[in-house]
Amino acid sequence: MTHTPHGADAAADHHADAPTGAGSDPAQESESYTHGHHESVLRSHRWRTAENSAGFLLPHLRAGMSVLDVGCGPATVTVDLADRVAGGRVVGVDASEAVLESARELAAQRGTANITFQHANAYELPFADGTFDVVYAHQLLQHLSDPVGALREMKRVAKPGGLVAVRDADYAAMTWYPESPGLTEWNTLYHEVTHAYGFEADAGRRLFSWVQDAGFDLDGIAPSASTWCYATPADRTWWGGLWAERCVASNFAVQAKESALADDVALEQLAQDWLRWAEEPAGWFAVLNGEVLARA
C-alpha cells in the first residue's frame, strides 16, 4: 500500500496557506490541530491521568499551589492535578470551547471545586506575568508551529522560581511488534502530514532544546523521558481501534487528504493495518515521551 506524497515545494505552499485559527480573533483560536477533536481522539485524551501523564511533575506539587494547564483538553489530568494541590487554584485553558464544556462537566462530576476553565490561545495566555506556581502542557507543543514562542509565554505567566512542565511524544521513537509495513507507512504519513502543516511530530526529543531557546537557565532545567506501553489484549484493542478511527475519521485524515498526501483508499488500508496489529497475540506498542521541568 502506498500513499501519494507531494513534493517539498507543495508542502511549503500548503503551509503558507494553512490557517492559524478558525475564527476572527487570533488570540482565541488554535492552529489546525492535526488530531482534531473526533471522539477517537478524545477517547485517548480521557485515558490520561496525572499518574500516567504527569508523573515527572507530581513530586513537586504541594497543597495550596496555583497551576495552569495549557491545552487541557477534556481535563482528566487537570482535575487530578487539582486534587494534588488542595486549597490551591487550578486553571485549564484550551482553544476548543466544546472540549472545555466536557472539562467542566468532568470537574462537576468529580466535585472538584478549586478548578476553572477558560478559552485561550497558548501564544497569548490571558494572565498577568508571574501568576502561577506551575505551568503544565501535555502533548501540546508538537501541535504548534512556534513551540518556543509558546514556551516563552508559559515562562511569562509562571512565578519567578516557578515550574514550567512539558511532556510530548516522539513519533519517530515509537516502536512496535510484530513488524508491520502498514504501521511503518502510517508513521511516515503522520510525519509528512505534520510537516506539511508546520508542526513537529518528533517533539519529545526537542523539548530540552526548545526550553533553552525559550530563555530558561540551563541550570534550572531537568530533562527526562517516560513511556506508554500497549500490549495487553484490552490495551491493544483500545489503542489499535482508536488509531484505526483516526486514520479515516479524525482531522488527521482530513489533513492527509487536503495536503494530497493520501486518499480515502490509502487511509482505509492504514485503518485495517491497525486493526490487524491489534489482533496479534504478541502485539506490543511503546510511545516514548520527552519531558522537561524548567524553573522560570
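One numbering rule holds for all chains: residues counted from 1, following each sequence as written. In keeping with the predicted nature of the model, local features appear solely for residues at pLDDT of at least 70, side-chain atom pairs appear and are counted solely at 80 or more, and the whole-chain, interface and lining totals rest on all residues. The basis for the side-chain values is all heavy atoms of the structure; hydrogens and waters are excluded.

## Comments concerning the environment of Ala50
Here's step 1: Each helix is a run of H or I in the DSSP string that is no shorter than four residues. Each strand is a run of E no shorter than two, and both are numbered from the N terminus. Within the fold, Ala50 resides in helix 3 (residues 50-53).
Here's step 2: Only protein chains enter the area calculation, which uses a 1.4 Å probe; residues under 20% of their type maximum are buried, those over 50% are exposed, and those in between are partly exposed. A relative accessible area of 0% places Ala50 in the buried class.
Here's step 3: When residues no more than four places from it in sequence are discounted, the contact partners of Ala50 are Gly55, Leu58, Val77, Asp80 and Leu81. Contacts are residue-level and defined by heavy atoms, with any inter-residue pair within 4.5 Å sufficient.

## Quick look at the nonpolar core
Here's step 1: Among buried residues, the Ala, Val, Leu, Ile, Met, Phe, Trp, Tyr and Cys ones that are joined through side-chain atoms within 4.5 Å form a nonpolar core. By size, the foremost hydrophobic cluster in this structure holds 35 residues, and its most contacted members are Trp186, Trp239, Trp274 and Phe285.
Here's step 2: Mapped onto this core, the elements with two or more residues apiece are helix 7 (181-196), strand 7 (221-230), helix 9 (233-249), helix 10 (251-258), helix 11 (264-278) and strand 8 (284-295).
Here's step 3: The element best represented in this core is helix 11, accounting for seven residues.
Here's step 4: Not counting residues up to four positions away in its chain, the partners in contact with Trp186 are Tyr171, Met174, Trp176, Trp243, Cys247, Phe252, Leu270, Trp274 and Phe285.
Here's step 5: Of all hydrophobic cores here, the second largest spans 31 residues; its members include Ala120, Met154, Ala214 and Ile221.

## Quick look at the side chain of Ser250
Here's step 1: As for its placement among the helices and strands, Ser250 is situated in the loop between helix 9 and helix 10.
Here's step 2: N or O atoms closer than or at 3.5 Å make up a polar contact, with two conditions inside protein: a donor-capable atom paired with an acceptor-capable one, and, for residues adjacent in sequence, both atoms drawn from side chains. At a separation of 3.2 Å, a polar atom in the side chain of Ser250 contacts the main-chain amide nitrogen of Phe252.

## Concerning the pattern of salt bridges
Here's step 1: When a carboxyl oxygen of Asp or Glu is within 4 Å of a side-chain nitrogen of Lys or Arg, the pair counts as a salt bridge. Under the definition given, this model contains 13 salt bridges.
Here's step 2: The salt bridge partner of Arg104 is Glu97, with a shortest N-O separation of 3.1 Å.
Here's step 3: Judged by relative accessible area, Arg104 falls into the partly exposed class, the value being 29%.
Here's step 4: For Asp273, the salt bridge identified is with Arg276, shortest N-O distance 2.5 Å. On the criterion of helical spacing, the pair formed by Asp273 and Arg276 is a turn pair, its members being three residues apart in helix 11.
Here's step 5: By sharing partners, the salt bridges in this structure join Asp80, Asp83 and Arg110 into a single network.

## Topic: the confidence of the model for the protein chain
Here's step 1: Think of pLDDT as the predictor's per-residue confidence, scored from 0 to 100. With 85% of its residues at a pLDDT of 70 or more, the protein chain has an overall mean of 88.
Here's step 2: In the predicted structure, residues 1-30 sits below a pLDDT of 50 and forms 57 contacts with residues beyond four places in sequence or in another chain.

## Digging into helix 7
Since there are 3.6 residues in each turn of an α-helix, residues three or four apart along the chain are aligned in direction.
Here's step 1: Between its first and last C-alpha atoms helix 7 spans 22 Å; for 16 residues at 1.5 Å apiece the expected length is 22 Å, and the two agree.
Here's step 2: Within the span of helix 7, buried status applies to Gly182, Leu183, Glu185, Trp186, Asn187, Leu189, Tyr190, Val193, Thr194 and Ala196.
Here's step 3: Positioned one or two residues after helix 7, Gly198 has a phi angle of 85°, which is positive. By this rule, a helix spans an expected 1.5 Å times one less than how many residues it contains.

## A closer look at the packing of helix 4 (residues 76-84) against helix 5 (residues 97-110)
Two quantities define a packed helix pair, namely the angle between the helix axes and the distance between the axes.
Here's step 1: Each axis is a line fitted through C-alpha atoms, and for a helix only the stretch in contact is used; angles between axes span 0 to 180 degrees, taken between their N-to-C directions. Where helix 4 contacts helix 5, the axes come no closer than 9 Å and their chain directions differ by 40°. In terms of orientation, helix 4 and helix 5 fall into the oblique class. The two elements helix 4 and helix 5 cross, and the hand of that crossing is right-handed. Of the residues in helix 5, those touching helix 4 at Thr76, Val79, Asp80 and Asp83 are Leu106, Ala107 and Arg110.
Here's step 2: Gly is placed with the polar residues, together with every amino acid not listed as nonpolar (Ala, Val, Leu, Ile, Met, Phe, Trp, Tyr, Cys and Pro) or charged (Asp, Glu, Lys and Arg). A breakdown of the residues in the contact of helix 4 with helix 5 according to their chemical character gives three nonpolar, one polar and three charged. Between 65 and 115 degrees an angle is taken as roughly perpendicular, under 35 as roughly parallel, over 145 as roughly antiparallel, and anywhere else as oblique. A clockwise turn of the near helix away from the far one marks a right-handed crossing, whereas an anticlockwise turn of less than a right angle marks a left-handed crossing.

## Remarks on the packing of aromatic side chains
The geometry of an aromatic ring pair is captured by two quantities: the separation of the ring centres and the angle between the planes.
Here's step 1: Only the six-membered ring of Trp is used, alongside the rings of Phe and Tyr, when aromatic pairs are assigned; centres must lie within 6.5 Å, and planes under 30 degrees apart are stacked while those over 60 apart are edge-to-face, with the rest tilted. Throughout the structure, instances matching the rule amount to 25 aromatic pairs.
Here's step 2: Between the aromatic rings of Trp176 and Phe285, the centroid separation amounts to 5.5 Å while the plane-to-plane angle is 15°, which identifies the pairing as stacked. Within this pair, whereas Trp176 is found in strand 6 (residues 175-177), its partner Phe285 is found in strand 8, the two being separated by 109 residues in sequence. Take Trp176 and Phe285: they sit in the same class, and that class is buried.
Here's step 3: Judged by centre distance (5.8 Å) and plane angle (45°), the ring pair of Tyr230 and Trp238 falls under tilted.
Here's step 4: Only when the NZ of Lys or the CZ of Arg is both within 6 Å of the ring centre and within 35 degrees of the ring normal is a charge said to sit over the ring. Taking NZ or CZ as reference, Lys155 lies 5.7 Å from the ring centre of Phe216, over its face.
Here's step 5: The ring of Trp243 carries Arg246 above its face, with NZ or CZ at 4.4 Å from the centroid.

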